[in-house]
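Fold and contact review
Spelled out from the first residue to the last, the chains are:
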Amino acid sequence: MSSEGAQQDGTGTGTGTGSAAAGDRTVRVVLVDDHRMFRTGVQAEIGETGRTGVEVVGEAADVDQAVTVITATRPEVVLLDVHLPGGGGVEVLRRSAAMMADAERPVRFLALSVSDAAEDVIGVIRGGARGYVTKTITGTDLVNAVFRVADGDAVFSPRLAGFVLDAFASTDAPPIDEDLDRLTQREREVLRLIARGYAYKEIAKQLFISVKTVESHVSAVLRKLQLSNRHELTRWAAARRLV
């Protein structure tokens, strides 16, 4: 987490990742990210409770683990990566809807991702996340963001906030496509490439995944959309101008 991130994200105003911002209060947090080294880094940066007021009570690397840990620990805030094995951050949000809606002990989500793509931001906000910051954020700003989200505020990196405002303020925004919303972010990426005529090997190379994984994603897309083959998939994508 670099000092450069403080200029890019600007979500906090503190001068140190200390207990001054937290007072005597502690916020319980779960870290959800499929990269263990990144989770370790975040834990080291913000998880020293006596200094930051943040207590990391659990970690998870995929969707199933995340739902299990969140259900067991009921944290105040979940730091959620967008791209996760098992369906992505949107799937975690979908399966945590009841906990988010709990009036007495709400679990709130703050997306923390390397992606700054508009569709990723809109997807998790639509799913119920309270904010979205990129992984260039500093430890100080991340602690401040955690406390703000725990208090019910919405927190965004400045550039990403513009995506949200544009999406929800636009009078000609496209309607929600329930079929498309069933797909994970990775499945959408594979869908677009298949519809553009890419071979499985080409898709695997472009997305840095195996051919077998591509095949699994295509099968999942066909099943979710109730399509029979890639030709039907291509027509489906073209009809929605996704190609």
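Before any of the text, the structure's been laid out above.
Here's a quick rundown of the structure. (Residues numbered from 1 in each chain as written. Predicted model: local features only at pLDDT ≥ 70, side-chain atom pairs only at ≥ 80, totals over all residues. Heavy atoms only, no water.)

Before going further, it helps to examine the pattern of salt bridges. Enumeration over the complete set of coordinates arrives at ten salt bridges. In this structure, the salt-bridge partner of Glu48 is Arg51, at a minimum N-O distance of 3.6 Å. The class of Arg51 is partly exposed, set by a relative accessible area of 29%. Where Arg74 meets Asp102, a salt bridge forms, and the shortest distance between an N and an O atom there is 3.0 Å. Of this pair, Arg74 sits in the loop between α4 (63-73) and β3 (77-80) while Asp102 sits in the loop between α6 (97-100) and β4 (108-113), and the two are 28 residues apart along the sequence. When salt bridges with common partners are traced through the structure, they connect Asp33, Asp81 and Lys135 into a single cluster. (Salt bridge = Lys/Arg side-chain N within 4 Å of Asp/Glu carboxyl O. Buried < 20%, exposed > 50% of the residue type's maximum accessible area, 1.4 Å probe, protein only. Helix = DSSP H or I, 4+ residues; strand = E, 2+ residues; numbered from the N terminus.)

Time to look at the packing of aromatic side chains. What describes a pair of aromatic rings is the distance from one ring centre to the other and the angle between the planes of the rings. Applying the stated rule across the entire model yields zero aromatic pairs. Across from the ring centre of Phe38, 4.1 Å away, lies the NZ or CZ of Lys135, which sits over that ring. (Phe/Tyr/Trp six-rings, centres within 6.5 Å; stacked < 30°, edge-to-face > 60°. Lys NZ or Arg CZ within 6 Å of the ring centre and 35° of its normal.)

Another point: the pairing of strand β1 (residues 27-32). The buried count for β1 comes to five of six residues, which makes it a mostly enclosed element. Pairing of β1 with strand β2 (residues 54-60), which is carried by six bridges, proceeds in the parallel orientation. If you follow Val30 over to β2, its bridge partner there is Gly58. Examined bridge by bridge, β1 and β3 share four bridges and lie parallel to one another. Paired with Val32 across the bridge in β3 is Leu80. (Pairing = 2+ DSSP bridges.)

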